[in-house]
Amino acid sequence: MKTSKALSPIARITKYTLIDEVRQRSFVIMFVICALCIFLIRGCYQGNYMVNGHSLDAGTVVRTVSKVTFHIIGAGVMVITALLSMRIFRRDRNEGMQSCILSKPIARWQYVMGKTIGLWVLSVLFMFILHSIVFLITSIDLKIFMPEYLVASLLCSINLLFVIIAMLLLSLLMPDIVAFMCVLGVGVVGFVADGIAAASQSQIAQAIVQQSGGHPQSDLAWWKIVYFLWPKLLGVQQVASSLIESESSHGFGPAYPLVNVLLYCLILGVLLFKRFRNEDIV
């Protein structure tokens with residue numbers, strides 16, 4: 001009984017958040033533009049592609065283009081999610097909705113939980129629908145059925161949860177635009193670092209490092225620690241996209257990005273609840 005009483009306000013706030021955000025004209029415009037862009041990519045599936053003088057078969061082309069599109073959608077929705085989360089607390093406070101909700105027998109943690117879940121459900125649906133459009137294009141037009149594409153989309157929802165919690169926390173500590181740039185910077189640095197790490201594994205890069213004498217061991221160890229602990233947003237997308245091509249993976253390595261981002265969500269979530277507990281409600 002106590003559990004149902006605690007969950008009821010969260011469900012109501014979640015529902016209100018969903019309805020309120022969907023009614024925003026900016027959200028509708030962003031969704032329509034994104035959907036149109038996905039439909040425009042249809043032409044990429046019909047082209048003839050050559051690699052080392054050999055023409056690629058239709059299945060390889062479809063899976064490759066779909067995988068690229070998957071990453072573009074994942075990264076794009078993360079940016080859109082950050083924009084949606086950026087002013088959610090400030091707008092509720094300015095409109096008086098925050099004080100109205102918290103004047104009722106609703107705990108602050110329930111309000112924060114409802115807002116977080118509402119934004120998360122909305123952003124997951126946003127991304128899932130865009131990925132579903134790609135799925136329908138490949139299934140109906142190209143006769144290539146990829147149910148793992150939708151599973152990979154759901155797996156990327158972990159990244160969206162990280163973005164929402166990080167944005168809500170930072171929006172309480174600094175101006176909205178600065179908070180957005182910080183979250184965007186975390187994502188960009190992570191993507192670049194993963195790209196550099198992948199490139200450094202090539203034989204050419206290793207040969208260049210050996211000829212130049214390499215770097216001091218202490219500096220190398222320092223950057224490895226920072227890289228290891230940095231939020232693995234791209235790593236989660238790579239693990240999810242590996243399902244599209246049915247790539248087999250072994251060991252703890254593929255699971256680490258998921259564990260990494262989930263731990264960040266937990267830590268940032270605790271900090272968010274503690275920070276909002278001390279927030280002045282006017």
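For the structure itself, look to the data block above.
Residues numbered from 1 in each chain as written. Predicted model: local features only at pLDDT ≥ 70, side-chain atom pairs only at ≥ 80, totals over all residues. Heavy atoms only, no water.

Undergrad: How should I be thinking about the packing of aromatic side chains in this particular structure?
TA: Between two aromatic rings, the relevant description is the distance of the centres plus the angle of the planes. On inspection of all chains with the given rule, the structure shows 8 aromatic pairs. Judged by centre distance (5.6 Å) and plane angle (70 degrees), the rings of F27 and F126 are edge-to-face. Of the two residues, F27 is situated in helix 2 (residues 25–40) and F126 in helix 6 (residues 108–141); the sequence distance between them amounts to 99 residues. By relative accessible area, F126 is classed as buried at 3%. For the pair F31 and F126, a centre-to-centre distance of 5.4 Å together with 85 degrees between the ring planes defines the contact as edge-to-face. Here the residue F31 occupies a position in helix 2, and F126 occupies one in helix 6, the gap between them amounting to 95 residues. Members of the aromatic cluster, connected to one another through ring pairs, are F27, F31 and F126. (Phe/Tyr/Trp six-rings, centres within 6.5 Å; stacked < 30°, edge-to-face > 60°. Helix = DSSP H or I, 4+ residues; strand = E, 2+ residues; numbered from the N terminus. Buried < 20%, exposed > 50% of the residue type's maximum accessible area, 1.4 Å probe, protein only.)

Undergrad: What am I meant to see in the pattern of salt bridges here?
TA: Side-chain pairing between opposite charges can occur once the charged atoms of the two side chains come close. In the structure shown here, the tally under the stated rule is 5 salt bridges. We note a salt bridge from D20 to R91, for which the minimum N-O separation is 2.9 Å. Taken together, the residues span a long stretch of sequence, with D20 in helix 1 (residues 2–23) and R91 in helix 4 (residues 88–94) at a distance of 71 residues. Measuring nitrogen to oxygen at the nearest pair gives 4.0 Å for the salt bridge that ties D176 to R87. One end of the pair, D176, is in helix 9 (residues 176–200); the other, R87, is in the loop between helix 3 (58–86) and helix 4, and 89 residues separate them in sequence. Sharing partners across several salt bridges, the network here consists of D20, E21 and R91. (Salt bridge = Lys/Arg side-chain N within 4 Å of Asp/Glu carboxyl O.)

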